Structures are given as structure tokens and as C-alpha cells.
Amino acid sequence: MLAAVGRLADRLAIAEGDVAGLLSSYGGWEGRTRRDHRALVLARLGWHTSSAGDRKQLDVFLFARALEHDAPSVLIQFACDWLRSERIVRPSVDVLSRRVAAARDGAHTETYHRLAPLLAAPRPTALNRLLEVDDELGMTRLAWLRRGATAATPEVLKAELAKLEFLRGHGADQLDLSAIPAGRRRLLADTGRRSTNQALQRAGIDRRYPILLATLAETYVEVLDELVQLLDQALAGADSRARHELSQRIVDRAKVEIDRGRLLDEVLDILADPAVSDIDAGRLVRNRIGMSRLQAARRPVTEREPRDHGHFDLLAARYKYLRTFTPAVIAALPLTGNTSSPDVAALLDAVQVLRELNAAGRTSVPERATTDVATSFVPARWRGYLAASRGQGRGATYRHFWELSVLYGVQARLRSGDMWVPGSRRYTDPTTLLIPLEQWVTQREDFCAVTGTDPDPAHQLHRLEDDLHAAMTDLERVLSDPASDGLARVGADGDLIVSPLPAEQAPAEGTALAEAVAARLPQIHLPELLIEVDRDTRFSEAFTHAGGAQPRNLT
């Protein structure tokens, strides 16, 4: 008590013996004095206690946040941040916890009401069947949908196709959950993935149905992305095996080419000899080398290597394997793309022709799909195969090369973003990731002012071209400077080679300062750091049990 009086006297710059008299004249240590002091401090700082209107605004704020974040600790932190920004004294933790609980309950009820139009009969019955054990699968349909793909094999691809068909049969591709915030949709879908079947069955319909709807919608997107990725991996695997086999063939051919190279050297020795006339050159070649050796080294036109050294032929050898799943996948994927590009437009037409051929069971490719314009998407290194096989008719051989060109064209365009899959998240239209045009019109000037760019694209490109020329001039100066010998040079193939810069030695003062700062930092245990980071990011919620166990509760 005496120490507190001493500190107060020191702060107020008064004699310690006068403190008791001043406090007594102000009202002593009664509760009223403390309340008056508190009111004066709050008035001085511009803060105030919460009124009925403030509490109503807090409830509205918490309700809006609870639609996106269901974790109580996050909501309490949001409430404290809001109270701090409004300069309102925080109520007791108990009062704040009750308001957070009310906001969470209100968010659950509001979510159900917003999704009620999607729960018309017979959808509730279909949703309940997701939690019933299927005799053929030996598990619930929901657990079956949760199982992810493990490898890019025909069996796994067919299983993913079955999931996609099942989800479309339940209208998952048509579910419009935009009535609830994206954060709430992710929360519900994550709850559906983590919750046990029993917990979902015990939950009320106001919680169960929104969870199952969000799970179906999110699972459809995931299965669609997974199906495209598996197709890409299967095609890439076939291409990788063909390239590996090709590398082995090239090694074997190199051994044969050594003899052909020696023969070429002998022929050139005769042809390049200025003492040998053109009339005698052919006779000397045949006499010195021998006609039999020349004929043995000659390779027929049909056996000469194409531009890709036979890679496409090796890929065609895997055509039957790819046909075990590609027709069904191509038929199931709603492919579209940048039709302003002639190559992409031709590829989309070819995909449609391929679907029609697969559906009708025909082999011969229509004439309209074999023209130069219709096959403009085929890489130049493969066009020779199509031209050669087309001369033999548009039968099975041409179909193999043409269909492989279509499949690998789809793979390349999906990777580059020239083609996309509606409803997919990973293979979506790249323009949807940009600022909408109507918003960009209003934000363009501010963006250009902040980034220092010219609103006119032509002027901006001209400015960048000038910067490039200036940088190239500086580079030429560095290359021609004898002092920079060894720092940068142009290689024999024209590539710029920049040597690593020597490491900069830190001054002794900087090292001493770094050690002094490190010594002042608090020493903490790693578990404490992980707990603090998890409290802010909640990364541990993304962990799954190694044995497949799941939590019993829904949150």
C-alpha cells in the first residue's frame, strides 16, 4: 500500500505525505471514486462504455463475421478488434462469449434459410442416402466420394468418372451456393469431409443439409480437377515411357552411325581432293569403297528418321492403352477455350469430331477433319506422320496419329490456359482470375498512378522498349570493358554467361550489432511458437490422422 502511494506521489509530483489528505478530500477509496476516475479517464481518451445501440451494432457485426468464420476464438478476436476501432470499453469475457455463441447460432439458422430453395423434394431424401451404407461399395456414398485418387491408372480414372457421373446425377454441377459467403461454403465442405457418418446423422437438418450440399458442390469441383489432372498424368506417363525407349534407340543407332560416319569421311576425302576431277570422282568412290559397302550403308526412304526420330511412332504403340480410358474422359469433360485462336478453334472442332467417332464406333476420320486448317493444332514434328498415313487412306493408322494429336493438343492447351474446363477451379478460364472489366475501368487510373505505368498500352510498350534498349546498351558497355573480364561474357552459342558475384564481406560493426540484437531476443521453446502460430492460422485443422481416424464432433 505504501509503495502504491509512493508511486502515485511521484507521478503527480507531490509530497508523499500529502497523498492521503488529497485522496480523503476526493472521496477516499470508495467505489464512487473509482467510477468517477474511470469516467474521467475514458472521457480524456475518447472512449465510452457500450450502449444498447453499440451492443446491437456488435451483434450485427458478429453475425456477419460468423457467416464466414465459425471458430469462437476468431469471433472473439474480431469482436475485440471492432470494439477497439469504435473506442468502446470491452464488456466481460462472459458477456462477449454469450454474444459470440448467439451469433454462431444465428449464422447456422441463416445458412439453412438461404439454402432452403435448394432443399425441395426429393433432394433431402437423396442427401440422407449419402449417409446410408451402399451394399455394392461396402461403405456410404459420402465416404466413397471422400476417397481421393492414388495413381493415374485406367481403373482409377474410371472410378473418378463414376464419381463425376454420380455427382452430376445429384445435380452437384448445378448447385448455386452463392447465397452464402465463400468462407461459409468452405467451412461447411470442410466439416463434411472431417465429420463422421454418425455425427452427421445425429445433427439436425438445419446443420446436416447445408453441410451435405456444400460437400457435394465442393467435391464436384475437386473430382473434376482430379480427373483432368489424372488425364494429364496418364498422357505424360505414356509420353515419358516413349521418350525413354526412344533414348535407348538413339544410343543403338549411334553405334551404327559410327560406321556410316567413317564411310562419309572416306567419301569426302575423295570428293574434296582438288586433284580428283568430277569425272573420276564417282569411279574412285566405287573402286576404293566398293559398291556393296555403299549399298549396305544406304538407308531406304521409308526407313529414314522423321523429324522427331520416331518418337510419335513409339507413342502410337501405346494407343490401345490410352484408348482404355480416354474416350470416356473426353466425353465427360466440358472442354472449351479461346476460340479467337485458330489453332484452339480447330482443336475444339477436332474434339467434337472425336466424341462423335467414339459414340458411333467409327474408325475413319471425316474428310473435313483432315484438312490443313482442321489440323493446324498438330505440332510440326508430327505432321509428317499424318501426311504419310493420309496417303494410305483415312483408316486406322491415320486415326491413331490424328487422335493422339488431339489428346496431346488438349493436354498442352489445358496447361497453357488456352483451353479450360467450366466448373473447374484449377483449369478455369484465366480471365476469371483478373479484375472484372467494369471494375477495371474505374480502377485503371489509380493502378497506373501507383505503379507508374502509362494508361495507354502503346505508350507503355514504347517505354518498355526504350528501357530494354538502355539496358542492352549498358550490357554492351560492360562486355566491352576490360575491367569486367570474367564477370560477363557471351558464349560460343550466343548465350550470355554471368559469373557469380563475390560474396560481400560484412563489416565487424554489423556482425557485432547482429549478435547484440540476437542476444536481446527472447528465448522460447518450439512448442510454444507452434501453439501461437496455430492460434492465429489454425493450420493444425488441416492435419489428418495417419490411421484414418476422424473427430466425432462437427466443429
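Presented here is a report on the structure given in the accompanying data block. The structure displayed is predicted, hence computed values, not measured ones. (Residues numbered from 1 in each chain as written. Predicted model: local features only at pLDDT ≥ 70, side-chain atom pairs only at ≥ 80, totals over all residues. Heavy atoms only, no water.)

## Details of the overall build of the protein
Counting its secondary structure elements, the protein contains 24 helices and six strands. In the protein, which comprises 555 residues, the share counted as buried stands at 32%. Put simply, 68% of the contacts in the protein that link residues at least 6 apart link residues at least 24 apart. Surface summary for the protein: the accessible area is close to 34700 Å², and the carbon and sulfur share equals 56%. (Helix = DSSP H or I, 4+ residues; strand = E, 2+ residues; numbered from the N terminus. Buried < 20%, exposed > 50% of the residue type's maximum accessible area, 1.4 Å probe, protein only. Contact = heavy atoms within 4.5 Å. Areas by Shrake-Rupley, 256 points an atom, 1.4 Å probe, with all protein chains shown as cover.)

## Overview of the packing of aromatic side chains
A full pass over the atoms with the stated rule returns nine aromatic pairs. Between Tyr-385 and Phe-401 the ring centres are 5.3 Å apart and the planes differ by 45°, which places this aromatic pair in the tilted class. Of this pair, Tyr-385 sits in helix H19 (residues 380-390) while Phe-401 is found in helix H20 (residues 396-416), placing the two residues 16 residues apart along the sequence. The class for Phe-401 is buried, based on a relative accessible area of 7%. Here Trp-440 and Phe-447 contribute two aromatic rings whose centre-to-centre distance is 5.4 Å and whose plane-to-plane angle is 65°, an arrangement assigned as edge-to-face. Cation over ring: Arg-141 sits above Trp-144, and NZ or CZ is 4.8 Å from the ring centre. Over the ring of Trp-382 we find Arg-381, and its NZ or CZ is 4.9 Å from the ring centre. (Phe/Tyr/Trp six-rings, centres within 6.5 Å; stacked < 30°, edge-to-face > 60°. Lys NZ or Arg CZ within 6 Å of the ring centre and 35° of its normal.)

## What to know about the packing of helix H4 (residues 52-66) against helix H6 (residues 93-115)
Two elements in contact, H4 and H6, have axes separated by 8 Å at closest approach and are oriented at 50°. In terms of their interaxial angle, H4 and H6 are classed as oblique. Judged by the twist between their axes, the crossing of H4 over H6 is right-handed. Counting all contacts with H4, which are made through Arg-55, Leu-58, Asp-59, Leu-62, Phe-63 and Ala-66, the residues of H6 involved are Leu-96, Arg-99, Val-100, Ala-103, Arg-104, Gly-106, Ala-107 and Glu-110. Here the residues of the contact of H4 with H6 sort into eight nonpolar, one polar and five charged. (Axes fitted to C-alpha atoms, helices over the stretch in contact; angles between N-to-C directions. Parallel < 35°, antiparallel > 145°, perpendicular 65-115°, else oblique. Left-handed = near helix turned anticlockwise from the far one by under 90°. Nonpolar A, V, L, I, M, F, W, Y, C, P; charged D, E, K, R; others polar.)

## Details of a nonpolar patch on the surface
A cluster of nonpolar residues, Ile-524, Leu-526, Leu-529, Leu-530, Val-533, Phe-539 and Phe-543, forms a patch on the protein surface that exposes about 640 Å² of accessible area. Note on Phe-543: relative accessible area 58%, which makes it exposed. (Patch = residues over 30% accessible without salt bridge, like charges linked within 9 Å, V, L, I, M, F, W, Y side chains within 5 Å. Salt bridge = Lys/Arg side-chain N within 4 Å of Asp/Glu carboxyl O.)

## Here's the deal with the packing of H19 against H20
With their axes 8 Å apart at the nearest point, H19 and H20 run at an angle of 150° to one another. Compared by their axis directions, H19 and H20 come out roughly antiparallel. Judged by the twist between their axes, the crossing of H19 over H20 is left-handed. Here H19 contributes Trp-382, Tyr-385, Leu-386, Ser-389 and Arg-390 to the contact with H20, which in turn contributes Thr-397, Tyr-398, Phe-401, Trp-402, Ser-405 and Tyr-408. By residue class, the composition of the contact of H19 with H20 is seven nonpolar, three polar and one charged.

## Topic: helix H18 (residues 342-360)
For H18, which comprises 19 residues, the first-to-last C-alpha distance of 27 Å matches the rise-based estimate of 27 Å (1.5 Å per residue) to within 8%. Residues Val-344, Ala-346, Leu-347, Leu-348, Ala-350, Val-351, Val-353, Leu-354 and Leu-357 constitute the buried set of H18. Following H18 by one or two positions, Gly-361 adopts a phi angle in the positive range, close to 75°. (Expected span 1.5 Å × (residues − 1).)

## What to know about the side chain of Arg-399
With respect to the helices and strands, the residue Arg-399 is situated in helix H20. Residue classification places Arg-399 among the buried positions, given a relative accessible area of 3%. There is a polar contact of 2.8 Å between the side chain of Arg-399 and the backbone oxygen of Arg-362. (Polar contact = N/O pair within 3.5 Å; in protein donor to acceptor, adjacent residues only side chain to side chain.)

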